[in-house]
Amino acid sequence: MSDTDSLSPIDDALLQDGYVRLPAAGLRAELGITQSGWADFARTWDDLGPDLYMADGGRYRRRRHATFRCEAGAFTCQPHQPHYQSRDYNPLNGDVQRWFDPVADATIALPATQAILHYCAASFDPDRKGDWHVEMHQFRIEAKPGEHGRPTPEGMHRDGVDRVMVMLIERRNVREGVTRIGAPDGAPMGEFTLIQPGDTMLIDDHRILHGVTEIHPVDPTQPAWRDALVVTFSSPAREGGPIA
């Protein structure tokens with residue numbers, strides 16, 4: 001039997017394509033997240049602080065940030081620390097230590113959060129042999145009259161890590177926000193839109209560029225936003241890779 005014969009469907013998709021899309025309904029059922037559990041989890045996005053480091057002058061992004069060590073599938077919270085990235089990956093916001101509000105302890109303790117983190121570990125390190133630097137980012141991108149929301153203002157990019165999970169939490173009164181996938185040389189590989197709460201994408205960051213188009217309000221008189229969770233796994237040698 002070859003090494004690929006024992007791969008899981010996710011392992012196989014990452015190996016073949018460099019990314020995999022996971023529909024919300026099946027994933028949330030697999031994670032055992034109830035409706036009320038999801039509501040408790042999603043509600044924490046209503047308490048994110050502003051991102052004051054946007055070099056484009058925008059005030060359309062809110063976020064919280066946490067770091068963990070994941071060893072043999074077990075997570076340990078790390079002391080709160082700045083998020084740093086090189087301009088080699090992020091020419092817009094790189095080379096600055098950025099302090100964001102920490103992810104609340106109560107949020108980390110939620111069953112949904114724990115289920116998602118352990119799902120990432122099982123997907124990215126199925127043999128549970130790795131020692132990983134893990135970052136968790138809660139994002140809210142707001143679209144307002146006169147200021148479009150830009151989920152990835154740096155455009156198509158890599159995050160400078162090993163693996164990335166992007167999960168949609170909510171789309172409220174917005175249109176567009178299309179996810180685009182590309183090869184390392186920039187060649188387009190497809191596009192799709194995360195629509196349902198829990199729609200998820202897993203990425204091999206060595207092989208895939210990704211980006212999301214601007215969002216615009218459907219009704220400009222009403223609040224509009226796109227909430228997302230991003231979790232990254234880096235080997236110790238790659239710590240400090242960027243998430244815009």
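Residues numbered from 1 in each chain as written. Predicted model: local features only at pLDDT ≥ 70, side-chain atom pairs only at ≥ 80, totals over all residues. Heavy atoms only, no water.

Caption draft 1: Structural view of the overall build of the protein. A tally of regular secondary structure across the protein gives five helices and 13 strands. Residues counted as buried form 52% of the 244 residues belonging to the protein. Looking at the protein alone, contacts between residues at least 24 apart form 79% of all its contacts between residues at least 6 apart. Surface summary for the protein: the accessible area is close to 11100 Å², and the carbon and sulfur share equals 51%. (Helix = DSSP H or I, 4+ residues; strand = E, 2+ residues; numbered from the N terminus. Buried < 20%, exposed > 50% of the residue type's maximum accessible area, 1.4 Å probe, protein only. Contact = heavy atoms within 4.5 Å. Areas by Shrake-Rupley, 256 points an atom, 1.4 Å probe, with all protein chains shown as cover.)

Caption draft 2: Structural detail: the pairing of strand β13 (residues 225-234). Across the 10 residues of β13, 10 count as buried, placing the element largely inside the fold. Of the two faces of β13, the one lined by Trp 225, Asp 227, Leu 229, Val 231 and Phe 233 and the one lined by Arg 226, Ala 228, Val 230, Thr 232 and Ser 234 are each fully buried. In this structure, strand β5 (residues 131-142) lies alongside β13, joined through 10 bridges in antiparallel fashion. Paired with His 133 across the bridge in β13 is Ser 234. Sheet topology note: the strand β6 (residues 163-172)/β13 ladder contains nine bridges and is antiparallel. Bridged to Val 166 within β13 is Val 230. (Pairing = 2+ DSSP bridges.)

Caption draft 3: Expanded view of the packing of aromatic side chains. Scanning all chains against the criterion turns up seven aromatic pairs. Here the aromatic rings of Tyr 19 and Phe 192 are separated by 6.3 Å at their centres, their planes lie at 15°, and the arrangement is stacked. With a gap of 173 residues between them, Tyr 19 in strand β1 (residues 19-22) and Phe 192 in strand β9 (residues 188-192) connect regions that are remote in the sequence. Aromatic pair Phe 75 and Phe 233: ring centres 6.3 Å apart, planes at 85°, arrangement edge-to-face. With Phe 75 in strand β4 (residues 74-77) and Phe 233 in strand β13, this residue pair connects regions lying 158 residues apart in the sequence. An aromatic cluster of at least three residues, connected via ring pairs, comprises Phe 68, Phe 75, Phe 124, Trp 132 and Phe 233. (Phe/Tyr/Trp six-rings, centres within 6.5 Å; stacked < 30°, edge-to-face > 60°.)

Caption draft 4: Local environment of helix α2 (residues 24-31). Among the residues making up α2, those that are buried are Ala 24, Leu 27, Arg 28 and Leu 31. Axial view of α2: buried residues confined to an arc of 95°, hence all on one face. Counted as exposed and oriented over 90 degrees from the buried face of α2: Ala 25, Ala 29 and Glu 30. Against β1, α3 (35-43), α5 (111-124), β6 and β10 (200-204) lie the buried residues of α2. Within two residues after α2, Gly 32 carries a phi angle of roughly 70°, on the positive side. (Arc of directions from axis to C-beta.)

Caption draft 5: Structural detail: the side chain of Thr 152. Mapping Thr 152 onto the fold places it in the loop between β5 and β6. At 2.9 Å, the side chain of Thr 152 forms a polar contact with the backbone nitrogen of Val 212. Sequence-distant contacts of Thr 152, defined by excluding residues within four places in its chain, comprise His 157, Gly 211 and Val 212. (Polar contact = N/O pair within 3.5 Å; in protein donor to acceptor, adjacent residues only side chain to side chain.)

Caption draft 6: The pattern of salt bridges, seen in detail. Applying the stated criterion across every chain yields a total of 14 salt bridges. In this structure, Arg 140 engages Asp 227 in a salt bridge whose closest nitrogen and oxygen atoms are separated by 2.7 Å. Of the two residues, Arg 140 sits in strand β5 while Asp 227 sits in strand β13, which places them 87 residues apart along the sequence. Take Asp 227: its relative accessible area is 1%, and that puts it in the buried class. (Salt bridge = Lys/Arg side-chain N within 4 Å of Asp/Glu carboxyl O.)

Caption draft 7: Focus on the packing of α2 against α5. Where α2 contacts α5, the two axes come as close as 10 Å, and the packing angle between them is 100°. Classified by the interaxial angle, the pair formed by α2 and α5 is roughly perpendicular. Of the residues in α5, those touching α2 at Leu 27, Glu 30 and Leu 31 are Ala 115, Ile 116 and Tyr 119. For the contact of α2 with α5, the per-class residue count stands at five nonpolar, no polar and one charged. (Axes fitted to C-alpha atoms, helices over the stretch in contact; angles between N-to-C directions. Parallel < 35°, antiparallel > 145°, perpendicular 65-115°, else oblique. Nonpolar A, V, L, I, M, F, W, Y, C, P; charged D, E, K, R; others polar.)

Caption draft 8: Representation of the nonpolar core within the structure. Counting residues in hydrophobic clusters, the biggest one holds 37 residues, and the most contacted among them are Phe 41, Ile 116, Met 165, Leu 229 and Phe 233. Here the element with the most residues in this core is α5; it accounts for eight residues. Filtering out sequence-adjacent residues up to four positions away, Ile 116 remains in contact with Leu 31, Ile 33, Phe 41, Met 165, Met 167 and Leu 229. Counting 13 residues, the second largest nonpolar core, distinct from the first, contains Tyr 19, Val 166, Leu 194 and Ile 208. (Core = buried A, V, L, I, M, F, W, Y, C linked by side-chain atoms within 4.5 Å.)

None of this, on its own, says anything about what the molecule does.
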